[in-house]
Amino acid sequence: MQPTIVDVSTHILDIPTIRPHKMSVATMQCQTMVLVRIKTSDGIEGIGEATTIGGLNYGGESPESIKTNIDAYFAPLIVGQPADKPAALRVRIDKAIKANHFAKSAVESAIYDACARRLGVPLSALFGGAVHDEISVAWTLASGDTDKDIAEARQMLDARRHNIFKLKVGMRPLKDDLRHIAAIKSALGDDISVRIDVNQGWSETQALRMLRPLADIGVELVEQPIHEKNLAGMARLTALGIVPIMADEALKGREDGFALAANQCADVFAIKIEQAGGLLRARDLIGIAQAADIALYGGTMLEGSISTLAAAHLFATVDKLEWGTEMFGPLLLQDDILVERMDYSDFTLKLPKGPGLGVTLDEDKVRHYTRK
Ligand code: MUC
Ligand code: MG
């Protein structure tokens, strides 16, 4: 008999970060995640997750709106529907619900997790199968203090956890940002990759002034330096060829990916399953980048372990992720909600091999962190 979806439940969890995470858009002391659990008539449960950055600081969805919209709109739409047809469920959802990419990502991940668990295969198998057993993972230095960032990077290198670092900039005066970046790059040395993420913090003229000094310092990649809507500006910065430009906030789905590729607005795409609107749309974006010879990077919305793993399963199916990934979200949190924590070692994340996401929720921890 065909399995159907019998229940969709959502919970908001708040887990403190290990230190304040300072970005041009927000300072995070805690990550709030919406956990989505989808039960099917054959006794399977799939899990998905959505996070945002600083509530509504980063985009148009908040954890609270994601929960409300899933409860009020997604759940009635999919309960009673066949549970083993993720593409058909997606068509149904897209017909009835516009935008809401983060909510769509959480629901779709849970559907895929349930399907893969039913088949007894890792989630990656539903996207063609893993090409890689492990993926490289960058760390973001965002304590707001140069010396603390250097000490943190050294710790990561000594522990062989990360050797690629992304610095959050765009909230200080340009000169201070340059001093901060140069100090970190020179402390870490030539072999360590340093990239920056401006989170749209600069105007195009500011970005123009910064690119040459950044190249001289040895910065390898500049992420979303200017406003996401200034595509012509991104194309102009990319055409300079001084430092590769990566699109992040500008990439909110397939149509954005096509526009950015057609207008040569970026050298690299940061693929985020939440921003793309889920695993299927993220995979579409990957295809657009591949066709346009745009390099790939596995991005994060600082997700907890559930959405990080969903994305990691997809990224593991991609032959070339030239710029690696930043799937470190769970490591920024003081605690995890899994029975067994994810394996981050030798500068990589090892993909779990079990069915679905390959992990089990620790129900006591879920209860403990669920917002009352
Ligand atoms: C972003 O803009 O890329 C990813 C890593 C990090 O520190 O912040 C996020 C969001
Ligand atoms: Mg970014």
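Residues numbered from 1 in each chain as written. Chains lettered and ligands numbered in written order. Predicted model: local features only at pLDDT ≥ 70, side-chain atom pairs only at ≥ 80, totals over all residues. Heavy atoms only, no water.

- Looking at an unreviewed UniProt entry, the protein carries the name Muconate cycloisomerase, with the source organism given as Pollutimonas subterranea.
- According to its UniProt record, the protein has this under Pathway (unreviewed entry): "Aromatic compound metabolism."
- Quoted verbatim from the Sequence similarities (unreviewed entry) field of the UniProt record, the comment on the protein reads "Belongs to the mandelate racemase/muconate lactonizing enzyme family." (UniProt positions renumbered as here; feature names shortened; annotations may be inferred.)

**Examining the side chain of threonine 10**
Inference 1: Along the polypeptide, threonine 10 turns up in strand 1 (residues 5–22).
Inference 2: The class for threonine 10 is buried, based on a relative accessible area of 6%.
Inference 3: Here lysine 67 takes part through its side chain, which lies 2.9 Å from a polar atom of the side chain of threonine 10.
Inference 4: At 2.6 Å, the side chain of threonine 10 forms a polar contact with the side chain of aspartate 71.
Inference 5: Residues within four places of threonine 10 in sequence aside, it is in contact with Val34, Leu35, Val36, Lys67, Ile70 and Asp71. (Helix = DSSP H or I, 4+ residues; strand = E, 2+ residues; numbered from the N terminus. Buried < 20%, exposed > 50% of the residue type's maximum accessible area, 1.4 Å probe, protein only. Polar contact = N/O pair within 3.5 Å; in protein donor to acceptor, adjacent residues only side chain to side chain. Contact = heavy atoms within 4.5 Å.)

**Thoughts on the pattern of salt bridges**
Inference 1: Applying the stated rule across the entire model yields 29 salt bridges.
Inference 2: In this structure, arginine 90 engages aspartate 94 in a salt bridge whose closest nitrogen and oxygen atoms are separated by 3.0 Å. Of this pair, arginine 90 and aspartate 94 both sit in helix 2 (residues 86–96), separated by four residues, roughly a single helical turn.
Inference 3: Judged by its relative accessible area of 6%, arginine 90 falls in the buried class.
Inference 4: With a shortest N-O distance of 2.8 Å, aspartate 248 and lysine 272 are connected by a salt bridge. Taken as a pair, aspartate 248 in the loop between strand 9 (245–247) and helix 8 (254–262) and lysine 272 in the loop between strand 10 (268–271) and helix 9 (273–276) lie far apart in primary sequence, 24 residues in all. (Salt bridge = Lys/Arg side-chain N within 4 Å of Asp/Glu carboxyl O.)

**Brief notes about the site of ligand 1**
Inference 1: By nearness alone, 16 residues border ligand 1, and His21, Thr140, Lys166, Asp197 and Asn199 come closest of all.
Inference 2: In the model, an oxygen atom of ligand 1 is placed 2.8 Å from a nitrogen or oxygen of the histidine 21 side chain.
Inference 3: A distance of 3.1 Å is found between an oxygen atom of ligand 1 and a side-chain nitrogen or oxygen belonging to aspartate 248.
Inference 4: When the free accessible area of ligand 1 is taken as 280 Å², the share hidden by the protein chains comes to 100%.
Inference 5: When atom positions are compared with the pocket grids, ligand 1 is found to occupy the largest cavity.
Inference 6: Partitioning the shell around ligand 1 into residue classes produces five nonpolar, four polar and seven charged.
Inference 7: When we break the shell around ligand 1 down by domain, the ones giving at least three residues each are domain 1 (5–122 + 362–369) and domain 2 (126–350). (Near = heavy atom within 4 Å. Areas by Shrake-Rupley, 256 points an atom, 1.4 Å probe, with all protein chains shown as cover. 1 Å grid on protein atoms, 1.4 Å probe; cavity = no way out; pocket = protein on both sides within 12 Å on 5 of 7 lines; lining within 4 Å. Sits in = over half its atoms within 2 Å of the grid points. Nonpolar A, V, L, I, M, F, W, Y, C, P; charged D, E, K, R; others polar. Domains from an automatic or database assignment.)

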